[in-house]
Amino acid sequence: MNYIAAAIAVLGAAIGAGYGNGRVISQTLESMARQPEIAGQLRSTMFIGVALVEAVPILGIVIAFILVLM
């Protein structure tokens, strides 16, 4: 059962991160198209947002490791 729980934790984290990254990037590209003069600021903010979204699957993998080792 621990292996199934670990797989579900990683699956949920991966789906959430994929959706979050898609939203962040699509909204940034839309904003860059509307206001090209602030593209540099938007790009740096997007990278920070993507980094924060990518923290979720890392936590999911840590939880999966904990579940497998129990």
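Residues numbered from 1 in each chain as written. Predicted model: local features only at pLDDT ≥ 70, side-chain atom pairs only at ≥ 80, totals over all residues. Heavy atoms only, no water.

- Per an unreviewed UniProt entry, the protein chain goes by the name ATP synthase subunit c and belongs to Enterococcus asini ATCC 700915.
- Recorded under Sequence similarities (unreviewed entry), the UniProt text for the protein chain is reproduced unchanged: "Belongs to the ATPase C chain family." (UniProt positions renumbered as here; feature names shortened; annotations may be inferred.)

### Quick notes on the overall build of the protein chain
Okay, so step 1: Helix and strand counts for the protein chain come out as two helices and zero strands.
Okay, so step 2: Relative to the globule expectation of 11 Å for 70 residues, the C-alpha radius of gyration of the protein chain, 16 Å, shows a markedly less compact shape.
Okay, so step 3: Taken along its principal axes, the extent of the C-alpha atoms in the protein chain is 55 × 15 × 5 Å.
Okay, so step 4: When burial is assessed residue by residue, the protein chain has 21% of its 70 residues classed as buried. (Helix = DSSP H or I, 4+ residues; strand = E, 2+ residues; numbered from the N terminus. Rg over C-alpha atoms; globule rule 2.2 N^0.38 Å. Buried < 20%, exposed > 50% of the residue type's maximum accessible area, 1.4 Å probe, protein only.)

### Brief notes about the UniProt feature "transmembrane region" (unreviewed entry) in the protein chain
Okay, so step 1: Sequence positions flagged by UniProt for "transmembrane region" (unreviewed entry) are, in local numbering, residues 46–69.
Okay, so step 2: Secondary structure within residues 46–69 divides into 100% helix and 0% strand; the distance between the first and last C-alpha atoms comes to 36 Å.

### A few points about the pattern of salt bridges
Okay, so step 1: For the coordinates displayed, the defined rule picks out one salt bridge.
Okay, so step 2: A salt bridge links Glu 30 to Arg 34, with the nearest nitrogen and oxygen atoms 3.1 Å apart. In this pair, Glu 30 and Arg 34 both sit in helix α1 (residues 2–34), four residues apart, roughly one turn of the helix.
Okay, so step 3: Given the relative accessible area of 36%, Glu 30 is considered partly exposed.
Okay, so step 4: A relative accessible area of 65% places Arg 34 in the exposed class. (Salt bridge = Lys/Arg side-chain N within 4 Å of Asp/Glu carboxyl O.)

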